[in-house]
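# An overview of the molecular structure
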Amino acid sequence: MKKIGFLSFGHWQDVPGSSVRTGRDALLQSIELAVAAEEVGVDGAYVRVHHFARQLASPFPLLAAMAAKTSTIELGTGVIDMRYENPLYMAEEAAATDLISDGRLQLGVSRGSPETALRGSESFGYVPGDDETDADIARSHTEVFRAAIAGAGVARANPQMTGTNGLLAIQPQSPELGERIWWGAGSRSTAVWTAEQGMNLMSSTLLTEDTGVPFDELQAEQIQMFRDAWTEAGHEWQPRVSVSRSILPLIDDETRRYFGLRAQADSKDQVGHLDGGLARFGRSFIGEPDVIAAELAKDAAVQAADTVLVTVPNQLGVEFNARILESIVKDIKPAMG
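Structural notes, computed from the coordinates.

Cut-offs and rules
Residues numbered from 1 in each chain as written. Predicted model: local features only at pLDDT ≥ 70, side-chain atom pairs only at ≥ 80, totals over all residues. Heavy atoms only, no water. Helix = DSSP H or I, 4+ residues; strand = E, 2+ residues; numbered from the N terminus. Contact = heavy atoms within 4.5 Å. Buried < 20%, exposed > 50% of the residue type's maximum accessible area, 1.4 Å probe, protein only. Expected span 1.5 Å × (residues − 1).

### Some remarks on the environment of Thr-116
Inspection of the secondary structure puts Thr-116 in the loop between β4 (105–110) and α4 (120–123). Sequence-wise, Thr-116 and His-50 are 66 residues apart; in three dimensions their C-alpha atoms are separated by 8.9 Å. Those residues in contact with Thr-116 that lie beyond four places of it in its chain are His-51, Phe-52 and Ala-53.

Right, here's the structure in full:
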């Protein structure tokens, strides 16, 4: 059966109606929601990573804390912007977090999305070369990171300390982590590249291209191209594919008060401009649980994926989101296939 995870951006803001007013609130409530989600049968707890914003930014301490409080739920990111990362330090953090979680880490990585800072990764010390793009930096950092978690030697040993002059790998190592790295692909071509590299596919609620077909059909085409490329590449293990959806079941007066009026307005795909080109944004699914279940049963990409990540309105608090997730697991998940 398909896996269901929640995806939280971890927004916080000190405004009326928000249950998440500080960075501390966002972090602690993310841990609490992972615990609550596990209790109601959710399969995964994923966090988005944004820098220079009142959102979650440093995932590994948070994921390790989630791991310490849970026992079965997968813990992941969707996605880490690799332009900002020191790949060797990230490899140490990722391996340590995976060991703490007993192999439950699922790391989504990518180029990232439009952000509040202009050339923010340059403030972290990562400046593109003359012939290098942001995407080049993200991909090169990912290559080094993946080699490091696979055990490649990356630093020359000090013979006086080790008795050898060979290459040393980062420590600790978590041997199976390499098969749990996902690339957030925003187009069909990047999905093919993802398959060629041997990473799982993570596809969100937007694609940075538009062919005029409904979002779910375009995303299903992306998934099929990924799987075809994976087969052609001859990798020895089977990949996973996740898609994200905004799913808001109206189950009581509170959910209707917050989201009832959005049911019609957000029920269709949107086409807009992103990073200088056309992009297609997927619709939201808002309504009675049985209606949403019927709609998702017809969603081509949801049916093609093995994992669905549900974006949650985290500022409404843990209890509110746990109720929504419980309804999704009980009333809607069976229709997803």
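Structure shown, so let's carry the discussion forward.
### Thoughts on the environment of Gly-125
Locating Gly-125 in the fold gives a position in the loop between α4 and α5 (134–149). The class of Gly-125 is exposed, set by a relative accessible area of 53%. Taking the C-alpha atoms as reference points, Gly-125 and Leu-7, separated by 118 residues in sequence, lie 29 Å from one another.

### Some remarks on helix α1 (residues 23–39)
For α1, built from 17 residues, the straight-helix expectation of 24 Å at 1.5 Å per residue is met to within 8% by its first-to-last C-alpha distance of 25 Å. Where α1 is concerned, the buried positions are Ala-26, Gln-29, Ser-30, Ile-31, Leu-33, Ala-34, Ala-36, Ala-37 and Glu-38. Its buried side turned inward, α1 meets β1 (3–8), β2 (44–47), α2 (59–69) and α13 (318–332). Two residues or fewer after α1 comes Gly-41, characterised by a positive phi angle close to 95°.

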